[in-house]
Amino acid sequence: MRRPSRYTSPEFSDRNYRPARGTMPDDWREPDSPPSPEEEDPDIAEGRCVSGDDTPPQPRKRSGLRIGQFFTGGILTQEEFTRRLPVIVYVVFLMLLYIANGFHIQHKHNELDRISEELKQLKTRAVTSSAVRMTLTRQSEIERLLREYRIPLVLDHTSPHTIDE
């Protein structure tokens, strides 16, 4: 026997699914629910007036957005769009700031990489010059250079002494 999945349990069945109001077609109804007044009275279902006056029913105005409105610019004239225009401009401004900040950070990272590479080269150069300076300032190296260039300098090999008063 196959074990039922948690999605096939009674709480997830189609029978218990209730969509939000206004999202289902007009001819849809629950299987166990009583018929709507339009289904019982054919005059209402066909759109005839029952109230006594002979004015035809007004067609329902569609409030949804259509793709064509974006291309023709008709969306710009709707009241809801114009009412929310400051918020839309604010969100677009924030998005532009976010993009500009990303470019700024990328520029700073490139600059930081360049400066750190330059610092690495300068450190290497400083260590090299320090090693050369240390080599050249040793006493034995100074004596060798004096002999090489034939500079007559006599070194005193006696230890220093203190001066008494």
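Position labels on residues start from 1 in each chain and follow its written sequence. Restriction of local features to residues with pLDDT of at least 70 applies here, the model being predicted, together with a cutoff of 80 or more for giving and counting side-chain atom pairs; totals for whole chains, interfaces and linings are based on all residues. Only heavy atoms go into the side-chain values, all of them from the structure, while hydrogens and water stay out.

Structural notes on the overall build of the chain
- In this description a helix means any DSSP run of H or I spanning at least four residues, a strand means any run of E spanning at least two, and both kinds are numbered starting from the N terminus. From N to C terminus, the chain includes 6 helices and 0 strands.
- Across the chain, helices and strands are ordered from the amino to the carboxyl terminus as α-α-α-α-α-α.
- Exposure categories follow from relative accessible area, calculated using a 1.4 Å probe and restricted to protein chains: below 20% of the type maximum is buried, above 50% is exposed, and the middle band is partly exposed. Evaluated residue by residue, the chain yields a buried proportion of 4% over its 165 residues.
- At a minimum sequence separation of 6, the contacts of the chain that also span at least 24 residues come to 0%.
- Areas reported here follow the Shrake-Rupley algorithm with a probe of radius 1.4 Å; residue values treat only the protein chains shown as occluding. Accessible area for the chain stands at about 16,500 Å²; split by element, carbon and sulfur atoms hold 59% of it. In what follows, residue pairs with any heavy atoms lying within 4.5 Å of each other are defined as contacts.

A closer look at the pattern of salt bridges
- Salt bridge criterion: a side-chain nitrogen from Lys or Arg within 4 Å of a carboxyl oxygen from Asp or Glu. By the definition in use, this model includes 5 salt bridges.
- Shared partners join several salt bridges into a network, and the residues in it are Glu 141, Arg 144 and Glu 148.

As for the side chain of Glu 141
- Within the element layout of this structure, Glu 141 appears in helix H6 (residues 139-148).
- Apart from the residues lying within four places of it in its own chain, the contact partners of Glu 141 are Thr 135 and Leu 136.

Quick word on unusual backbone geometry
- With a phi close to 55°, Arg 150 is a non-glycine residue in the positive phi region.
- Checked against the element boundaries, Arg 150 lands in the segment after H6.
- Given the relative accessible area of 74%, Arg 150 is considered exposed.

Let's talk about the confidence of the model for the chain
- Note: pLDDT gives the predictor's confidence per residue, expressed from 0 to 100. Of the residues in the chain, 61% have a pLDDT of 70 or more, and the chain-wide mean is 77.
- Across the chain, the element-wise mean pLDDT spans from 55 in helix H2 (residues 42-46) up to 97 in helix H5 (residues 85-136).

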